[in-house]
Amino acid sequence: LSGGRSAQAAELMRKEGFQVTELKGGYLKWTTKLKPLEGVPQVAHDKGWDLAEFTKKVQQEKAVVVDFYAKWCAPCLKMMPIVDQLAAEFKGKVTVLKVEADGNQAILQAYGIDEIPSFIVIHQGKILQKTSGFREEPKLKELFVQATGTIQ
């Protein structure tokens, strides 16, 4: 889905002499470019966002951390309880918006997200930072502090 396992498999196949064509970034990069899909089974996802509704919400809130995740993403699942804990700690100061990558391709495309986990920090409607990859708790907390517009 994000290309990690398939990249490892492609490398093993190359070592065995196979010619391999690899889709860099995997399924997620393909779907965020709104490329067509065939034979993909339907999977139940969290409620999807409407792009206009999402954009309005981001603009209305003073401080926002957007968490782009997927249910199949191990780093996302590992960070989820920490993000929830920080959301509670910063309640009233930072709004956390969670966007499941599957089913929200229009939002991912609009915000240039083609890797997960990814986070966007927004203060007063302006994107301050966009980052991807696993983050330990102190680095996640930095995103929340940055969203408030203060330095700690």
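This text follows the structure it describes.
Keep in mind it's a predicted model, so treat the numbers as computed, not measured.

Draft legend 1. Seen up close, the sheet that holds strand β3 (residues 118-123). In spatial order, the strands read β2-β1-β3-β4; together these four strands make up an open sheet with mixed pairing. Every other strand in the sheet has two partners, leaving β2 (95-100) and β4 (126-132) as the edge strands with one partner each. On average, each strand axis in the sheet is tilted by 15 degrees relative to the strand beside it, whichever way the strands run. Here six bridges tie strand β1 (residues 63-69) to β2, and the two strands are oriented parallel to one another. Bridging across to β2, tyrosine 69 finds its partner in glutamate 100. Helix α3 (residues 51-60) contacts β1, β2 and β3 of the sheet and is inclined by roughly 160 degrees relative to β2.

Draft legend 2. View of the pairing of β3. Burial within β3 is extensive, with six of its six residues counted as buried. With burial as the criterion, each face of β3 is covered, one bearing Ser118, Ile120 and Ile122 and the other bearing Phe119, Val121 and His123. Taken together, the six bridges between β1 and β3 define a ladder with antiparallel strand orientation. Following the sheet pairing, alanine 63 is matched in β3 by histidine 123. Inspection of the sheet shows β3 paired to β4 by six bridges, in the antiparallel sense. In the sheet register, valine 121 faces β4, and the bridge partner there is glutamine 129. If you look at the hairpin formed by β3 and β4, you'll find two residues sitting between the two strands, and glutamine 124 has a positive phi there, around 50 degrees.

Draft legend 3. Spotlight on the nonpolar core. Counting 19 residues, the largest nonpolar core has Phe54, Val66, Phe68, Val99, Tyr111, Ile116 and Ile120 as the members making the most contacts within it. Listed by contribution, the elements that provide at least two residues to this core are α3, β1, β2, α5 (105-110) and β3. A per-element tally of this core places β1 first, with four residues. When neighbours within four sequence positions are excluded, valine 66 is seen to be in contact with Phe54, Leu97, Val99, Ser118, Phe119, Ile120 and Ile122. Grouped together as the second largest cluster of nonpolar side chains are 15 residues, Leu86, Phe90, Val121 and Val145 included.

About the criteria used
Residues numbered from 1 in each chain as written. Predicted model: local features only at pLDDT ≥ 70, side-chain atom pairs only at ≥ 80, totals over all residues. Heavy atoms only, no water. Pairing = 2+ DSSP bridges. Helix = DSSP H or I, 4+ residues; strand = E, 2+ residues; numbered from the N terminus. Axes fitted to C-alpha atoms, helices over the stretch in contact; angles between N-to-C directions. Contact = heavy atoms within 4.5 Å. Buried < 20%, exposed > 50% of the residue type's maximum accessible area, 1.4 Å probe, protein only. Core = buried A, V, L, I, M, F, W, Y, C linked by side-chain atoms within 4.5 Å.

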